[in-house]
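This is what each chain is made of:
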Amino acid sequence: MTTGFWAVLPAAGVGRRMGSTVPKQYLELAGRAVIEHTLEGFVSHARIQGVVVALGAEDGYWDTTAYAAHPKVLRAPGGAERCHSVLNALSVLEDRANEDDWVLVHDAARPCLRRSDLDRLIDSLCEDSVGGLLGIPVRDTMKRAGDGERIDATVDRSSLWHAYTPQMFRLGLLRRALHEALEANDLVTDDASAIERLGLAPRLIEGHADNLKITRAEDLPLAQFYLQQQGRI
Ligand SMILES: Nc1ccn([C@@H]2O[C@H](COP(=O)(O)OP(=O)(O)OP(=O)(O)O)[C@@H](O)[C@H]2O)c(=O)n1
Ligand SMILES: C[C@](O)(CO)[C@H](O)COP(=O)(O)O
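Calculation rules
- Residues numbered from 1 in each chain as written.
- Chains lettered and ligands numbered in written order.
- Predicted model: local features only at pLDDT ≥ 70, side-chain atom pairs only at ≥ 80, totals over all residues.
- Heavy atoms only, no water.
- Axes fitted to C-alpha atoms, helices over the stretch in contact; angles between N-to-C directions.
- Helix = DSSP H or I, 4+ residues; strand = E, 2+ residues; numbered from the N terminus.
- Parallel < 35°, antiparallel > 145°, perpendicular 65-115°, else oblique.
- Left-handed = near helix turned anticlockwise from the far one by under 90°.
- Contact = heavy atoms within 4.5 Å.
- Phe/Tyr/Trp six-rings, centres within 6.5 Å; stacked < 30°, edge-to-face > 60°.
- Buried < 20%, exposed > 50% of the residue type's maximum accessible area, 1.4 Å probe, protein only.
- Polar contact = N/O pair within 3.5 Å; in protein donor to acceptor, adjacent residues only side chain to side chain.
- Expected span 1.5 Å × (residues − 1).
- UniProt positions renumbered as here; feature names shortened; annotations may be inferred.
- Near = heavy atom within 4 Å.
- Areas by Shrake-Rupley, 256 points an atom, 1.4 Å probe, with all protein chains shown as cover.
- Nonpolar A, V, L, I, M, F, W, Y, C, P; charged D, E, K, R; others polar.
- Pairing = 2+ DSSP bridges.
- Salt bridge = Lys/Arg side-chain N within 4 Å of Asp/Glu carboxyl O.

Participant: Would you mind going over the packing of helix α2 (residues 82–93) against helix α4 (residues 171–183) in detail, with residue names and values included?
Facilitator: Put simply, α2 and α4 touch, their axes get as near as 10 Å, and they point 140 degrees apart. Put simply, α2 runs oblique to α4. The interaxial crossing formed by α2 with α4 has left-handed handedness. Contacts from C83, H84, V86, L87, L90 and L93 of α2 reach α4 at L171, L174, R175, L178, H179 and L182.

Structure representation (structure tokens):
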């Protein structure tokens, strides 16, 4: 049986840290919504059979996007935290995908993902027994803050990475891992953390630092710069 590939885009956040009345996944970036740039990379990918977007209950923007009626795009209800949104999206895949199909979970707020990095992730992990994620090794000296934002310690950075997305795991394993994390009230902030809780070791695949997550206001012009550098706008 051929193994399928699906994408899940958690897009149900409110963007508190962005400080905008418009959720950051719908802010304009080079004339399109952030989420439209993100979706383009998955909808246009020949190996990706479908994309499930997890949307907030109050989302009044999705229907204005160019992908609202796209045949490859499905919807799921967002949840209170990112982990709930992802688990809801996996439920939408249950009657379409096989348990061993690969699911690539990618933040809607990361519009600058390179096709080359996406392909490297898929090619590196498609035979892997666990799965993994894109990331980059940290480049700065890392400090742990103590009281009053004074340094408590300098942390050995030699094996520290920034965890990015997509994070790629088989549907059945990821659903079980997230379900068990939530059962333990462990509101994991990424999908790999749920897999690690099972005692498994996801692989880190080095990508590019321009796969930033739009989080604060200064990230939007930086994302535009990166898209220009990539020749995408
Ligand atoms: N309950 C939630 C919270 C977040 N997300 C999504 O998960 C991704 C990463 O989350 P984050 O950057 O934290 O987005 P927000 O939660 O919107 O940001 P903030 O924490 O600043 O509110 C985003 O695409 C966001 O839309 C989601 O689907 N469901
Ligand atoms: C999934 C993630 O982008 C990996 O770095 C990150 O954990 C999301 O965290 P957030 O607090 O939901 O932005």
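So much for the structure itself; the text now carries on.
Participant: Any chance you could break down the packing of aromatic side chains for me, citing the residues and the numbers?
Facilitator: Scanning the entire structure with this criterion turns up 2 aromatic pairs. On the basis of an interplanar angle of 20 degrees and a centroid distance of 5.2 Å, the ring pair of Y26 and Y61 is categorised as stacked. Within this pair, whereas Y26 is found in the loop between β1 (5–11) and β2 (28–29), its partner Y61 is found in the loop between β4 (48–55) and β5 (73–77), the two being separated by 35 residues in sequence. Taking 5.9 Å as the distance between ring centres and 50 degrees as the angle between the ring planes, the aromatic pair formed by F225 and Y226 counts as tilted. Judged by relative accessible area, which is 39%, F225 ranks as partly exposed.

Participant: Please give an account of the side chain of H106 that cites residues and values.
Facilitator: Looking at the element boundaries, H106 is found in the loop between β6 (102–105) and α3 (115–125). For H106, the side chain forms a polar contact with the side chain of T165, separated by 2.7 Å.

Participant: Describe in detail α4, supporting the description with residues and values.
Facilitator: The first and last C-alpha atoms of α4 sit 18 Å apart over 13 residues, in line with the 18 Å expected at 1.5 Å per residue. In the core, the buried residues of α4 are packed alongside α2, β6, β10 (161–170) and α5 (191–197). Positioned one or two residues after α4, N185 has a phi angle of 55 degrees, which is positive.

Participant: An account of the UniProt feature "site: Transition state stabilizer" (unreviewed entry) in the protein is needed here, citing residue identities and associated values.
Facilitator: UniProt tags R17 and K24 as "site: Transition state stabilizer" (unreviewed entry). In this fold, R17 is placed in the loop between β1 and β2. Dropping the residues within four chain positions of it, R17 is found in contact with K213, T215 and R216. If you trace the backbone, K24 turns up in the loop between β1 and β2. Exposure remark for K24: the relative accessible area of 12% places this residue in the buried category. When neighbours within four sequence positions are excluded, K24 is seen to be in contact with G15, M18, V34, A109, K213, I214 and T215.

Participant: Explain the site of ligand 1 to me, using residue names and the numbers behind them.
Facilitator: As a matter of local geometry, ligand 1 sits amid 19 residues, with G15, R16, R17, K24 and S85 nearest to it. Separating an oxygen atom of ligand 1 from a backbone N or O atom of A12 is a distance of 2.9 Å. The separation between an oxygen atom of ligand 1 and a polar side-chain atom of R17 is 2.8 Å. Burial of ligand 1 by the protein chains amounts to 91% of its free accessible area of 570 Å². Elements represented by at least two residues in the shell around ligand 1 include exactly β1 and α2.

Participant: Summarise the site of ligand 2; cite the residues concerned and give the values.
Facilitator: R17, R82, D107, R110, A163, T165, T189, D190 and K213 make up every residue found near ligand 2. Contact distances for ligand 2 include 2.6 Å between an oxygen atom and a backbone N or O atom of A163. Protein burial of ligand 2: of its 360 Å² of free accessible surface, 74% is covered by the chains. Grouping the amino acids of the shell around ligand 2 by side-chain chemistry returns 1 nonpolar, 2 polar and 6 charged.

Participant: I'd like a description of the pairing of β6, backed by residues and values.
Facilitator: Neither face of β6 is open: one carries W102 and L104, the other V103 and V105, and all of them are buried. In the sheet, β1 pairs with β6 via 4 bridges, with the strands oriented parallel. Bridge assignment links V8 to a residue of β6, and that residue is V105. In the sheet, β6 pairs with β10 via 4 bridges, with the strands oriented antiparallel. Bridge pairing in β10 links L104 to M168.

Participant: Help me get a handle on the pattern of salt bridges, residues and values and all.
Facilitator: Inspection of every chain in the model, using the stated rule, returns 14 salt bridges. R96 is the partner of D95 in a salt bridge, and the nearest nitrogen-oxygen pair spans 3.3 Å. For D95, a relative accessible area of 67% translates into the label exposed. Residue R96 is classed as partly exposed on the basis of its relative accessible area, which comes to 45%. Look at the salt bridges and you will find they share partners, linking R82, D107, R110 and D191 into a network.

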